[in-house]
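# Structural overview for review
Listed here are the chains, written in short residue letters.
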Amino acid sequence: MSTFTTKDGTQIYYKDWGSGPVVSFSHGWPLNSDAWESQMFHLASNGFRCIAHDRRGHGRSSQPWNGNNMDTYADDLEELFTSLDVKNVTMIGHSTGGGEVARYIGRHGSRRVARVVLMGAVPPIMVKTAAYPGGLPMDVFDGFRKSYLADRSQFFLEIASGPFFGFNRPGAKVSQGMIQAWWAQGMMTGHKNAYDCIKAFSETDFTEDLKKIDVPTLIIHGDDDQIVPIAASALLSAKLVRGSVLKIYPGGSHALGDTDRAKLNADLLAFVTSTQTARS
């Protein structure tokens with residue numbers, strides 16, 4: 001296994017596939033880097049070096065009691081980039097991972113970054129606030145925490161069986177394999193890590209981070225995303241990231257990497273291919 005140890009002693013697992021211009025992948029909650037394998041395989045097969053890590057407390061990384069917040073997630077990613085000495089990275093983040101990418105640039109700038117992709121991403125902020133009245137009420141996330149503590153295994157199963165992939169929609173073609181894979185990844189998370197991360201992905205305000213993104217940015221979102229509704233996320237982020245391009249997938253779920261795999265893979269390849277030499 002490829003791992004590195006952060007300054008606070010947390011061991012982070014990562015995958016490093018292929019060679020060529022670097023593309024990094026940041027996964028959603030409560031998943032791990034396995035969630036990106038289809039996209040990593042596609043891009044690595046087309047001449048790119050694909051790097052994806054299991055966020056602290058997730059997957060094969062260790063499960064520290066502390067540091068389950070966006071600042072630390074971003075710092076862990078910077079330590080990974082530093083340890084591998086990568087530059088001109090196209091950073092791709094899904095859901096919570098999109099917040100991680102935004103916070104990375106907010107804290108560490110874009111000196112290592114060539115391009116950004118935010119897919120089904122949580123920015124600018126999920127919870128309803130005075131500045132963002134279209135967000136979800138805090139009661140929603142309190143409900144997440146209550147259900148998680150009551151029976152996290154069943155809670156994960158219900159998310160995967162319904163809104164995450166859109167399998168609760170009439171006429172949806174349900175994949176038990178996708179449900180089981182999602183559940184298995186969720187159950188690999190540390191109990192406290194996944195619990196703390198609910199606050200991290202829902203209550204962190206990424207407004208200022210988004211304003212600091214100064215590289216070409218592609219924002220991808222499904223207009224039937226039931227986990228991160230598009231109106232309070234991508235449509236707002238597209239206004240905050242200067243010069244960004246918004247690509248909406250009609251009828252798209254939160255799980256575009258699975259439910260719209262071929263389209264997403266093609267869009268990502270087109271984006272990274274056109275920007276390989278964006279920086280020297």
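Criteria and thresholds
- Residues numbered from 1 in each chain as written.
- Predicted model: local features only at pLDDT ≥ 70, side-chain atom pairs only at ≥ 80, totals over all residues.
- Heavy atoms only, no water.
- Helix = DSSP H or I, 4+ residues; strand = E, 2+ residues; numbered from the N terminus.
- Buried < 20%, exposed > 50% of the residue type's maximum accessible area, 1.4 Å probe, protein only.
- Polar contact = N/O pair within 3.5 Å; in protein donor to acceptor, adjacent residues only side chain to side chain.
- Contact = heavy atoms within 4.5 Å.
- Axes fitted to C-alpha atoms, helices over the stretch in contact; angles between N-to-C directions.
- Left-handed = near helix turned anticlockwise from the far one by under 90°.
- Nonpolar A, V, L, I, M, F, W, Y, C, P; charged D, E, K, R; others polar.
- Pairing = 2+ DSSP bridges.
- Phe/Tyr/Trp six-rings, centres within 6.5 Å; stacked < 30°, edge-to-face > 60°.

### Thoughts on the side chain of Ser 33
Looking at the secondary structure, you find Ser 33 in the loop between β3 (22-26) and α1 (37-44). Ser 33 gets classed as buried once you look at its relative accessible area, which sits at 1%. Polar contacts involving the side chain of Ser 33 include one to the side chain of Arg 60, which spans 3.4 Å. The contact partners of Ser 33, leaving out residues within four places of it in the chain, are Tyr 13, Lys 15, His 27, Met 40, Ala 52, His 53, Asp 54 and Arg 60.

### Here we look at the packing of helix α4 (residues 138-161) against helix α5 (residues 176-187)
Helices that pack against each other are described as a pair by the angle of their axes relative to one another and the distance between those axes. Two numbers describe how α4 lies on α5: the axes approach to 9 Å, and their chain directions differ by 145°. Taken as a pair, α4 and α5 cross one another with a handedness that is right-handed. Across from Arg 152, Ser 153, Phe 156, Leu 157, Ile 159, Ala 160 and Ser 161 in α4, the residues of α5 making contact are Ile 179, Trp 182, Trp 183, Gly 186 and Met 187. Residues that form the contact of α4 with α5 fall into these classes: eight nonpolar, three polar and one charged.

### Some remarks on the environment of Gly 243
Mapped onto the elements, Gly 243 comes out in the loop between α8 (234-240) and β8 (245-249). The class for Gly 243 is exposed, based on a relative accessible area of 70%. Distance in space between the C-alpha atoms of Gly 243 and Ala 114 is 14 Å, their sequence separation being 129 residues.

### Re the sheet that holds strand β6 (residues 113-119)
The strands that make up a sheet pair up through hydrogen bonds in the backbone, lying either parallel or antiparallel. The mixed open sheet is built from eight strands, whose spatial order is β1-β2-β4-β3-β5-β6-β7-β8. Of all strands in the sheet, those with a lone pairing partner are β1 (3-5) and β8, marking the two edges. Averaged over all neighbouring strand pairs, the angle between strand axes comes to 20°, with direction disregarded. The sheet contact formed by β6 and strand β7 (residues 217-222) spans four bridges and is parallel. Note on β7: the bridge partner recorded for Leu 118 is Ile 219. With respect to the sheet, α1 is in contact with β2 (11-17), β3 and β4 (49-53), its orientation differing from that of β2 by roughly 40°.

### Here we look at the packing of aromatic side chains
A complete count under the given rule lists 15 aromatic pairs for this structure. Judged by centre distance (5.4 Å) and plane angle (55°), the ring pair of Trp 29 and Phe 201 falls under tilted. Here Trp 29, found in the loop between β3 and α1, pairs with Phe 201, found in helix α6 (residues 191-203); they are 172 residues apart in sequence, far enough to count as distant. On the accessibility criterion, Phe 201 (6% relative accessible area) is buried. Each ring, one from Phe 165 and one from Phe 167, has its centre 5.1 Å from the other, and the planes form 20°; the classification is stacked. Considered together, Phe 165 and Phe 167 belong to a single accessibility category, that of buried residues. The structure contains a cluster of three or more aromatic residues connected by ring pairs, namely Trp 29, Phe 141, Phe 144, Tyr 148, Phe 155, Phe 156, Phe 164, Phe 165, Phe 167, Trp 182, Tyr 195 and Phe 201.

### Remarks on the pairing of strand β5 (residues 89-94)
Counting buried residues in β5 gives six out of six residues, a clear majority hidden from the surface. The side-chain alternation of β5 yields two buried faces, one formed by Val 89, Met 91 and Gly 93 and the other by Thr 90, Ile 92 and His 94. Sheet analysis places β3 next to β5, joined by four bridges and oriented parallel. Along β5, the bridge assignment pairs Phe 25 with Ile 92.

It is worth stressing that arrangement in space is one thing and function is another; only the former is reported here.
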